[in-house]
Amino acid sequence: MALGFMGLTGAVVVHFVDPNEPGHYPVCVWLALTGTYCPGCGTTRALHALTHLDIVGAAQMNILLLAALPFLALGYLHWVYRSFRPSHRPPPPFPPFLAWAVPGIVVAFWILRNLPFGVLLAPGGVPAPILS
């Protein structure tokens, strides 16, 4: 329950403290060091848009987060349910396919959002800055 409370508290903070205004949140270390977007770049702005019910704005910031949120929510709810009503059977084994597919999707998203033709996957559709 504490994890859910912390997540809800974070969502409230992101709702009221706009990440689009500089100085409120730390800068992405990966972006600062490499000049390219990481898979998480735009996540705070996407969560801010979601708390304002702007699904299109959230998708423009980080479409991978938007795609993963239903699975993360279902996983959390299942975990909470099983915490209060434990099963006497062992959990089913984790599918090996997912153990490879999920990191593969994240890496593919990471690479594609930094390529010139993948600019629509970049946060806000803005190409990554070029370091000089």
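Residues numbered from 1 in each chain as written. Predicted model: local features only at pLDDT ≥ 70, side-chain atom pairs only at ≥ 80, totals over all residues. Heavy atoms only, no water.

Caption draft 1: Molecular detail of helix α5 (residues 63-84). Helix length check: α5 (22 residues) gives 33 Å between terminal C-alpha atoms against 32 Å at 1.5 Å per residue, within 8%. Along α5, the sharpest kink reaches roughly 35°, centred on Leu69 and followed within four residues by the proline Pro70. Every buried residue of α5 is listed here: Leu64, Leu65 and Val80. Residues of α5 that are buried make contact with α3 (43-51) and α6 (96-112). (Helix = DSSP H or I, 4+ residues; strand = E, 2+ residues; numbered from the N terminus. Expected span 1.5 Å × (residues − 1). Bend = angle between axes of the 7 residues up to and from the residue. Buried < 20%, exposed > 50% of the residue type's maximum accessible area, 1.4 Å probe, protein only. Contact = heavy atoms within 4.5 Å.)

Caption draft 2: Seen up close, a nonpolar patch on the surface. On the surface, a nonpolar cluster with roughly 460 Å² of combined accessible area is contributed by Val107, Ile111, Leu112, Leu115 and Phe117. Structurally, the position occupied by Leu115 is in the segment after α6. (Patch = residues over 30% accessible without salt bridge, like charges linked within 9 Å, V, L, I, M, F, W, Y side chains within 5 Å. Areas by Shrake-Rupley, 256 points an atom, 1.4 Å probe, with all protein chains shown as cover. Salt bridge = Lys/Arg side-chain N within 4 Å of Asp/Glu carboxyl O.)

Caption draft 3: Focus on the packing of helix α1 (residues 2-16) against α3. Packing of α1 against α3 brings their axes to within 8 Å, and their N-to-C directions diverge by 85°. The orientation of α1 relative to α3 falls into the category roughly perpendicular. In this structure, α1 contributes Ala11, Val14 and His15 to the contact, and α3 contributes Thr44, Leu47, His48 and Thr51. (Axes fitted to C-alpha atoms, helices over the stretch in contact; angles between N-to-C directions. Parallel < 35°, antiparallel > 145°, perpendicular 65-115°, else oblique.)

Caption draft 4: Inspection of the environment of Thr9 at higher detail. Position of Thr9 among the secondary structure elements: in helix α1. Within the structure, Thr9 has its side chain in polar contact with the backbone oxygen of Phe5 (distance 2.8 Å). (Polar contact = N/O pair within 3.5 Å; in protein donor to acceptor, adjacent residues only side chain to side chain.)

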